[in-house]
Amino acid sequence: MAKILFVLTGADHWTLADGTRHPTGFWGEEVTAPYEAFTGAGHEVVVATPGGVLPTLDPASLAPEVNGGQEGADAVAATLQSMDPLRRPVKLEQVDVAGYAAVFYPGGHGPMEDLATNEDSGRLLTDALASGRPLGIVCHGPAALLATRGPDGTSPFAGYRLTAFSNAEEAQAGFADKAPWLLQDRLVELGTDFREGEPWAPYVLTDRNLFTGQNPASSGPLAAEMIKALG
């Protein structure tokens, strides 16, 4: 059994372009689907957040319409309720990637607020990439890659083929015109080789030890690819 580190946002809001705060946090499915996949394969999950704060669930992620109906929403809620690691997160600042077989970053709009500028997260991502361990990041989770930019303006993720929540999806979700910046644009500026599939459809890319998924529907397939890499 291997230990898998889940790095979750500690934010409970996303500051929009007009200064208003949109309630958010982590996206339910992007935590529960990988959690069930990893634990089902016999692995242990440890949750880390900035400062070790209890992570906040984006309430919109429990809506029936984004979970295939009420039954799906109830299933996500039940898994979250049973996830003991969510109630005892470790401090991100104290995490050593050497203690884990893989690292996984779920999304939700929360990472746009805190992980995008979190230096401890940036170091962890840089170390994980260099270690060769499977590193999985889904949806808005890749916002955390923006914190890997060094003093010279470059990132170790430059040139990597990856995906994330696309501009098209942000527009369809109704936030493109409200956002202070768009994730796809920033990842392109970072020098990554950004790719996108059809909006809302599962889309996973693997480049060396980096595994990325475009949207919530990609979180389960992304975890499956990481489990294959773990052997």
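Quick caveat, the model's predicted, so the values are computed rather than measured.

1. Some points on the UniProt feature "domain: DJ-1/PfpI" (unreviewed entry) in the protein
So, point 1. UniProt records the feature "domain: DJ-1/PfpI" (unreviewed entry) for residues 29-228 in the present numbering.
So, point 2. The distance from the first to the last C-alpha atom of residues 29-228 is 20 Å, and the span holds 32% helix and 14% strand.

2. Observations regarding the nonpolar core
So, point 1. Membership of the largest hydrophobic core comes to 38 residues, with the highest contact counts inside it found for Leu5 and Tyr105.
So, point 2. If you list the elements that add at least two residues to this core, you get β1 (3-7), β4 (44-49), β6 (102-105), α4 (119-131), β7 (135-138) and α6 (183-189).
So, point 3. Looking at which element gives the most residues to this core, the answer is α4, with 4 residues.
So, point 4. Apart from residues lying up to four places away in sequence, Leu5 is in contact with Val46, Ala48, Val95, Tyr100, Ala102, Val103, Phe104 and Leu124.
So, point 5. Counting 22 residues, the second-largest nonpolar core is a separate cluster that includes Phe6, Phe26, Val45 and Leu86.

3. Things to note about the pairing of strand β11 (residues 210-213)
So, point 1. The alternating pattern of β11 places Leu210 and Thr212 and Phe211 and Gly213 on opposite faces, both of which are buried.
So, point 2. As paired strands, β7 and β11 are joined by 4 bridges and run parallel to one another. Within the sheet, the bridge partner assigned to Ile137 lies in β11 and is Thr212.
So, point 3. Looking at chain direction, strand β10 (residues 204-207) and β11 are connected through 4 bridges and run antiparallel. What sits directly across from Asp207, in β11, is Leu210.
So, point 4. Linking β10 to β11, which pair antiparallel, is a turn of 2 residues; within it Arg208 sits at a positive phi near 55°.

4. So, helix α7 (residues 219-230)
So, point 1. For α7, which comprises 12 residues, the first-to-last C-alpha distance of 17 Å matches the rise-based estimate of 16 Å (1.5 Å per residue) to within 8%.
So, point 2. Turning to α7, its buried residues number three or more, namely Ser219, Leu222, Ala223 and Met226. Angular distribution of buried residues about the axis of α7 spans 95°; they occupy a single face of the element.
So, point 3. The inward-facing, buried residues of α7 contact α1 (28-40), β6, β7, β10 and β11.
So, point 4. Gly231, located one to two residues past α7, shows a positive phi value of around 75°.

5. Some points on α4
So, point 1. Along its 13 residues, α4 runs 18 Å from first to last C-alpha, staying within 8% of the 18 Å computed at 1.5 Å per residue.
So, point 2. Turning to α4, its buried residues are Ser121, Gly122, Leu124, Leu125, Ala128 and Leu129. Angular distribution of buried residues about the axis of α4 spans 165°; they occupy a single face of the element. Along α4, exposed side chains directed more than 90 degrees from the buried face belong to Glu119 and Ala130.
So, point 3. Here the buried face of α4 lies against β1, β6, β7 and β11.
So, point 4. The N-capping residue of α4, defined by a side-chain oxygen 3.0 Å from the backbone nitrogen of Asp120, is Asn118.

6. Quick look at the sheet that holds strand β5 (residues 90-91)
So, point 1. Overall, mixed pairing links the 7 strands, which are arranged β5-β4-β1-β6-β7-β11-β10 in an open sheet. The strands lining the two open edges of the sheet, one partner per strand, are β5 and β10.
So, point 2. Along the sheet, α1 makes contact with β1, β4, β6 and β7, crossing β1 at roughly 175°.

Rules used in this analysis
Residues numbered from 1 in each chain as written. Predicted model: local features only at pLDDT ≥ 70, side-chain atom pairs only at ≥ 80, totals over all residues. Heavy atoms only, no water. UniProt positions renumbered as here; feature names shortened; annotations may be inferred. Helix = DSSP H or I, 4+ residues; strand = E, 2+ residues; numbered from the N terminus. Core = buried A, V, L, I, M, F, W, Y, C linked by side-chain atoms within 4.5 Å. Buried < 20%, exposed > 50% of the residue type's maximum accessible area, 1.4 Å probe, protein only. Contact = heavy atoms within 4.5 Å. Pairing = 2+ DSSP bridges. Expected span 1.5 Å × (residues − 1). Arc of directions from axis to C-beta. Polar contact = N/O pair within 3.5 Å; in protein donor to acceptor, adjacent residues only side chain to side chain. Axes fitted to C-alpha atoms, helices over the stretch in contact; angles between N-to-C directions.

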